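Okay, here's what each chain looks like letter by letter:
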Amino acid sequence: MADASRRKVDSGILLHSGKNTAFSPQRVKYKPAFKREREETLLAGVDATCYKLLSQPIKSDAEETIIREKQKVKSENTLNMKESKPKTLYHVNTPYKIKKTKEPSKPILSYSQELEQFSFNTYKQRKDLLTKTIPKLAGSIELLVKKLSIGIGGMLYPQYKLYLSSTNELLIVATKIQNLKPKYLLSVEAENVREESSGYLGNLCSNLFGSFYNLHEEAEKGKERNALCLTYDFSLFKKKSARKFTVIIPKEKLYQTSSPNKADSTVDIITLHSKEPVWSDKLKAYTLDFKGKVTKPSNKNFILLRAISRGETEEESVIFGKVAADLYTLSVKWPLSVFQAFGLAIASVAYKVGCQ
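Keep in mind that this is a model prediction, so the values were computed, not measured. (Residues numbered from 1 in each chain as written. Predicted model: local features only at pLDDT ≥ 70, side-chain atom pairs only at ≥ 80, totals over all residues. Heavy atoms only, no water.)

### Focus on the environment of Ala219
Mapped onto the elements, Ala219 comes out in strand E10 (residues 212-220). Accessibility expressed as a relative area gives 31% for Ala219, which makes it partly exposed. Considered as a pair, Ala219 and Leu201 are 18 residues apart in the sequence and their alpha carbons are 8.8 Å apart. (Helix = DSSP H or I, 4+ residues; strand = E, 2+ residues; numbered from the N terminus. Buried < 20%, exposed > 50% of the residue type's maximum accessible area, 1.4 Å probe, protein only.)

Have a look at this one:
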């Protein structure tokens, strides 16, 4: 029977034990190899888990209580860490929320302080600063104008430079490019005074006699706006007459069109006029009170007044005068800009046929 119980069927060997064991090849079901491997893997995993559980020492109730307390403290610490960086801040003594405070911004500089840091700005920032109207609270801005006319070429095409008095910082450079109808180009680039340069501010144009000036400011690429108009009283045949002129400043942007002489009449304007000097029989000359800022006599010296309502004292907006050879002081305040004041200074120093 032992030999009969061991029989070979195909490629497998089936072992039977017992006396009444019957073998039937039709009832045997074989499992594929991959199923057998999977069952063996699962059994091995179960055995490992059971071994791990059985190998752990049995903990007492006191030890389990200590472990639970440690876990509780750990979870509380985690929550505190998350709450240490909240999106909103809380007052210590108040339960309500307040908005998160922003980081302190950079200090706001005054107009004079911005001019003192002029060299640290880009060309665009410089242009915006110089063409911006001086704030009322800024008071008076003290400047210096220097005329350079070295040699024959310098006499025909002089150059003007504007400096900040407090720091001697160069702000604007103007160069004459035409003589028949004088034209000056103004730029913040000292070495590149051209209309195509990135530092180009605008231009100052005059008629043949020097009795009318128009200051243009570059607003956009290919477009300009009238920043200032200046008109002198024509005094070619008058003797011992002081210079008189009127300045008109548009409040809003006035772009040039195909017909620049046709201005929009609806645009509000600001009118300023020169202070009339007083004739002194003792000095045999016209005199003005420049409050100690001007030290040299010259017919180019002037004080510009802002026209206001009747019954009120007119305010001085510009004081311009000679302090040395080819050196002039310029004091300007609201409602002009530094760019406009420099245009007035150039117009005053430039040679005029009918206004001397």
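### Some words on the confidence of the model for the protein
Per-chain confidence: the protein averages 76 in pLDDT, with 65% of residues scoring 70 or above. No element of the protein has a lower mean pLDDT than strand E2 (residues 12-14), which averages 41, and none a higher one than strand E18 (residues 327-332), which averages 96. In this model, residues 1-28 is a region of pLDDT below 50 whose contacts with residues beyond four sequence positions or in other chains number 16 contacts. Every residue in residues 253-266 scores below 50 in pLDDT, and together they form 15 contacts with partners more than four places removed in sequence or on other chains. (pLDDT = per-residue confidence, 0-100. Contact = heavy atoms within 4.5 Å.)

### Structural notes on the pattern of salt bridges
For the coordinates displayed, the defined rule picks out 10 salt bridges. Note that Glu142 is salt-bridged to Lys293, the shortest N-O span being 3.3 Å. Of this pair, Glu142 sits in strand E5 (residues 141-148) while Lys293 sits in the loop between strand E15 (285-287) and strand E16 (302-306); the two residues are 151 residues apart in sequence, bridging distant segments of the chain. A relative accessible area of 29% places Lys293 in the partly exposed class. (Salt bridge = Lys/Arg side-chain N within 4 Å of Asp/Glu carboxyl O.)

### Let's talk about a nonpolar patch on the surface
Judged by side-chain polarity, Leu180, Leu208, Phe209, Phe234, Tyr351 and Val353 come together as a nonpolar surface patch covering roughly 660 Å² of accessible area. As for its placement among the helices and strands, Leu180 is situated in the loop between strand E7 (169-178) and strand E8 (183-187). With a relative accessible area of 67%, Leu180 lands in the exposed category. (Patch = residues over 30% accessible without salt bridge, like charges linked within 9 Å, V, L, I, M, F, W, Y side chains within 5 Å. Areas by Shrake-Rupley, 256 points an atom, 1.4 Å probe, with all protein chains shown as cover.)

### Some remarks on the packing of aromatic side chains
Overall, the coordinates contain 7 aromatic pairs when judged by the stated rule. Seen in terms of ring centroids, Phe320 and Tyr328 are 5.2 Å apart; in terms of plane orientation they differ by 15 degrees. Their pairing is stacked. Accessibility assignment for this pair places Phe320 and Tyr328 in one class, buried. Site record: aromatic cluster; members linked through ring pairs are Tyr213, Tyr232, Phe245, Phe302, Phe320 and Tyr328. (Phe/Tyr/Trp six-rings, centres within 6.5 Å; stacked < 30°, edge-to-face > 60°.)

### Some points on the pairing of strand E13 (residues 269-274)
Where burial is concerned, the two faces of E13 differ: the one with Ile270, Leu272 and Ser274 is buried and the one with Ile269, Thr271 and His273 is not. Of the pairings in the sheet, the one linking strand E12 (residues 245-250) to E13 comprises 5 bridges and is antiparallel in character. In the sheet register, Ile248 faces E13, and the bridge partner there is Thr271. With 3 bridges joining them, E13 and E16 adopt antiparallel strand pairing. (Pairing = 2+ DSSP bridges.)

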